[in-house]
Amino acid sequence: MSPVVEQPAKARLITDAPHPRTVSVTLRYDGADPLAMRIVFPPEVSLDRERGEVVWAFARDLLESGLRLPSGNGDVQVWPCGRAQTVMEFHSPDGVAVVQFDSAPLRRFLRNSYALVPAGEERQDIEVENELSKLLHRS
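Residues numbered from 1 in each chain as written. Predicted model: local features only at pLDDT ≥ 70, side-chain atom pairs only at ≥ 80, totals over all residues. Heavy atoms only, no water.

Looking now at the overall build of the protein. Within the protein, the regular secondary structure consists of three helices and seven strands. In the protein, 40% of the contacts between residues at least 6 apart in sequence involve partners at least 24 apart. (Helix = DSSP H or I, 4+ residues; strand = E, 2+ residues; numbered from the N terminus. Contact = heavy atoms within 4.5 Å.)

So, about the side chain of Q100. Checked against the element boundaries, Q100 lands in strand β7 (residues 95–102). The exposure class of Q100 is buried, given its relative accessible area of 16%. In contact with Q100, other than residues within four places in its own chain, are K10, A11, R12, I14, C81, Q85, T86 and V87. (Buried < 20%, exposed > 50% of the residue type's maximum accessible area, 1.4 Å probe, protein only.)

Okay, the sheet that holds strand β5 (residues 76–81) next. Strand order in the open sheet formed by seven strands is β4-β3-β2-β1-β7-β6-β5, with antiparallel pairing between adjacent strands. If you trace the sheet from one side to the other, it starts and ends with β4 (54–59) and β5, each paired once. Averaged over neighbouring strand pairs, the angle between their axes works out to 30° when direction is ignored. The sheet contact formed by strand β2 (residues 21–30) and strand β3 (residues 36–41) spans three bridges and is antiparallel. Looking at β3, one finds that T26 is bridged to V40. Strand contacts of helix α2 (residues 103–116): β1 (4–14), β2, β3, β6 (85–92) and β7, with the helix running at about 160° to β1, the strand carrying the most contacts. (Pairing = 2+ DSSP bridges. Axes fitted to C-alpha atoms, helices over the stretch in contact; angles between N-to-C directions.)

Now for the pairing of β2. Pairing of β1 with β2, which is carried by 10 bridges, proceeds in the antiparallel orientation. In the sheet register, P8 faces β2, and the bridge partner there is T26. From the end of β1 to the start of β2, which pair antiparallel, there are six residues. Between the end of β2 and the start of β3, which pair antiparallel, lie five residues.

Moving on: the packing of aromatic side chains. Per the counting criterion, the structure on display carries three aromatic pairs. Relative to F90, the ring of W56 lies with its centre 4.9 Å away and its plane at 40°, an arrangement referred to as tilted. With a gap of 34 residues between them, W56 in strand β4 and F90 in strand β6 connect regions that are remote in the sequence. The same class applies to W56 and to F90, which are both buried. (Phe/Tyr/Trp six-rings, centres within 6.5 Å; stacked < 30°, edge-to-face > 60°.)

I39, F41, F58, L63, M88 and F90 are the most contacted members of the largest nonpolar core, which totals 27 residues. In this structure I39 touches V25, T26, L27, V54, V55, W56, F58, M88, F90 and F101, once residues within four positions along its chain are discounted. (Core = buried A, V, L, I, M, F, W, Y, C linked by side-chain atoms within 4.5 Å.)

Distances and angles like these do not, on their own, reveal function.
This is the structure we're talking about:
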């Protein structure tokens, strides 16, 4: 089993309501999937609550760059909002969700993920696995 970094965080759902709704999420990084990170939202924020929790996966590099400057052009976009906040925008066939985080917990999470798999070493594990797979399938 590969090592995993999990960290709770608070997210503010930005809607047209007068006050943002705060929910507890889990930031997750799995060494078995070293290029990605995940944000796990509780079932109550899902349009279909029977499906359970909502998980968004995206590149760890996207979060890192999004803490400094607007980043992403696909389903997930991340940008700084002042010095202490970060905004994430998630696009799905069901609609768009805009979520605001305090930046400090996101930075702490990134530091912990890089302690697990340092920057630049993510692909090494994948390359080793690919080479092992090739060797095993030759037999």
